[in-house]
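# Summary of structural features
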Amino acid sequence: MILEVKDIRLSFNNTGQERLNLLKGVSLSIPKKKITALIGGNGTGKTTLFNIISGFQKDFEGTIILNGKDISRLPAHEVSLMGIGRLFQGGQLLGDLTLMENMKIASEDKTGERPFTSILHPRRVKEHEQQKEERAREIIRTLISEKYVDKMNKLGSEFSYGEQRLLSLACLLMGEDNLLLLDEPTSGVNPRYISIIGQLIRRMVAEKGISVLMIEHNMHFVREIADDCAFLNDGIIAMTGKAEDVLNDSEVRNSYLGL
């Protein structure tokens, strides 16, 4: 397993100062080089669980193990350096930066962003920047489309929403992460780009050996690309298994899908 979530519990006070238990002992194992979908109703704590895994949420009980290492109390920037990349819900390209600039800032190599390094070692910085640009073009060319290589200097805001979601996934590959947390990658995206996004995610797994944990409400999309599925309900993982088996389970269909 690449990721093990063990007995995660999280409570908070609502506006009436009542103590609410959102996560009541969530345990989940994510296999390597597979796509696992996390499903459940709105407000069940799926995004909160992502925040816990990626280091943004600290007031919880339980343990997060990544590749055998306990990352439970690491800050978000250190978690990202451990090999976890994240696509946020509604996340898009930075609109006032070009596609190339969006790709470059997603890289783990921050050489060109350190002012003293830029001043003292300009040749090294130039070489690193050229390497990042070459890597960005290669990712776009091989995993997205050649047509976007010619649009690398186009501002992020000039792409459609579907294109931005697709290209945001490509940006994640600049970080060389081995686990991606994708929060509703198809939300608000038209069917054409949903299909392209699905193809890209499958290629990330098949060709790059990346593991994926995704939150997704589009059950057709889950059926199409997910290997495994976990159903979060009433603060616990109520069921796990092959995606088709979970989605066809009577409890899941009755309590979540309304069938």
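One numbering rule holds for all chains: residues counted from 1, following each sequence as written. Per-residue local features are limited, in this predicted model, to residues with pLDDT of at least 70; the limit for side-chain atom pairs, both in listing and counting, is 80 or more; totals at the level of whole chains, interfaces and linings are taken over all residues. Side-chain measures were taken over the full set of non-hydrogen atoms in the model, leaving aside hydrogen atoms and water.

### Topic: the sheet that holds strand β8 (residues 211-215)
If DSSP finds at least two bridges between two strands, the strands pair. Helix numbers and strand numbers start at the N terminus; a helix is a DSSP run of H or I with at least 4 residues, a strand a run of E with at least 2. Strands sit in the order β6-β7-β8-β3-β9-β10 across an open sheet of six strands; the sheet is mixed. Strands with a single pairing partner mark the edges of an open sheet, and in this sheet they are β6 (84-87) and β10 (236-242). Here the strands of the sheet are splayed against their neighbours by 15° on average, with no regard to which way each runs. Whether two residues are in contact is decided by their heavy atoms, any of which lying within 4.5 Å being enough. Orientation is described by axes fitted as lines to C-alpha atoms, over the contacting stretch for helices, and by angles from 0 to 180 degrees between their N-to-C directions. Contacting β6 and β7 (179-183), helix α7 (residues 161-172) runs over the sheet at an angle of about 170° to β6. Where helix α8 (residues 191-208) meets the sheet, it contacts β3 (35-39), β7 and β8, and its direction lies at approximately 135° from that of β3.

### Some points on the packing of aromatic side chains
Only rings of Phe, Tyr and Trp enter the pairing, Trp through its six-membered ring, and a pair is recorded when the two centres are within 6.5 Å. The plane angle decides the type: under 30 degrees is stacked, over 60 is edge-to-face, the rest tilted. Taken as a whole and assessed by the stated rule, the structure comprises two aromatic pairs. Residues F56 and F88 carry aromatic rings whose centres are separated by 5.8 Å and whose planes lie at 75° to one another, so their mutual orientation is edge-to-face. Placement of the pair is F56 in the loop between α1 (46-53) and β4 (61-66) and F88 in the loop between β6 and α3 (99-105), with a sequence separation of 32 residues. Accessible area is worked out with a 1.4 Å probe on protein chains only. A residue is then buried under 20% of its type maximum, exposed over 50%, and partly exposed in between. Take F88: its relative accessible area is 39%, and that puts it in the partly exposed class. Look at NZ for Lys and CZ for Arg. If either is within 6 Å of the ring centre and within 35 degrees of the ring normal, a charge sits over the ring. The ring of F60 carries R73 above its face, with NZ or CZ at 4.3 Å from the centroid. The residue whose ring lies beneath K154 is F159, and the NZ or CZ to ring-centre distance is 4.8 Å.

### Looking at the sheet that holds β4
Taken in spatial order, the four strands line up as β2-β1-β4-β5 in an open sheet, and their pairing is antiparallel. The open sheet has two edge strands, β2 (19-30) and β5 (69-70), and neither has a second partner. Where strand β1 (residues 3-13) lies against β2, nine bridges are found, and the strand directions are antiparallel. The partner of E4 across the bridge, within β2, is S29.

### Some thoughts on the layout of surface pockets
The space that makes up the largest pocket amounts to roughly 720 Å³. Along its surface, the largest pocket is lined by 27 residues, and G85, R86, F88, A106 and L172 are the ones closest to its centre. Of all the elements in the fold, those that place two or more residues in the lining of the largest pocket are α2 (76-81), β6, α3 and α7. In terms of residue count, α2 provides more of the lining of the largest pocket than any other element does, five residues in total. Residue polarity follows a fixed list, in which Ala, Val, Leu, Ile, Met, Phe, Trp, Tyr, Cys and Pro are nonpolar, Asp, Glu, Lys and Arg are charged, and the others, Gly among them, are polar. Its residues placed into classes, the lining of the largest pocket shows 13 nonpolar, 10 polar and four charged. Cavity and pocket criteria rest on a 1 Å grid covering protein atoms alone: a 1.4 Å probe that fits but cannot get out defines a cavity, protein on both sides within 12 Å along at least 5 of 7 lines defines an open pocket, and an atom within 4 Å of a point defines a lining residue. Grid points are joined across faces, edges and corners, and a volume is the space filled by probe spheres set on the points.

### Some remarks on the confidence of the model for the protein
Confidence of the predictor at the level of single residues is given by pLDDT, which spans 0 to 100. Overall, the predicted model of the protein reaches an average pLDDT of 90, with 92% of residues at or above 70. Within the model, the stretch residues 110-118 combines pLDDT values under 50 with 14 contacts to residues more than four positions away or in other chains.

### Notes on α1
The buried count for α1 comes to seven of eight residues, which makes it a mostly enclosed element. Every buried residue of α1 is accounted for by K46, T48, L49, F50, N51, I52 and I53.

### A look at α8
By this rule, a helix spans an expected 1.5 Å times one less than how many residues it contains. In a regular helix each residue adds 1.5 Å, so 18 residues correspond to 26 Å; α8 covers 25 Å between its end C-alpha atoms and thus fits that length. Every buried residue belonging to α8 is among Y193, I194, I197, G198, L200, I201, M204 and V205, and all of these are buried. Seen end-on, α8 carries its buried residues on one side only, within an arc spanning 160°. Exposed and facing more than 90 degrees away from the buried side of α8 are P191 and A206. The reported arc concerns the directions from the helix axis to the C-beta atoms and nothing else.

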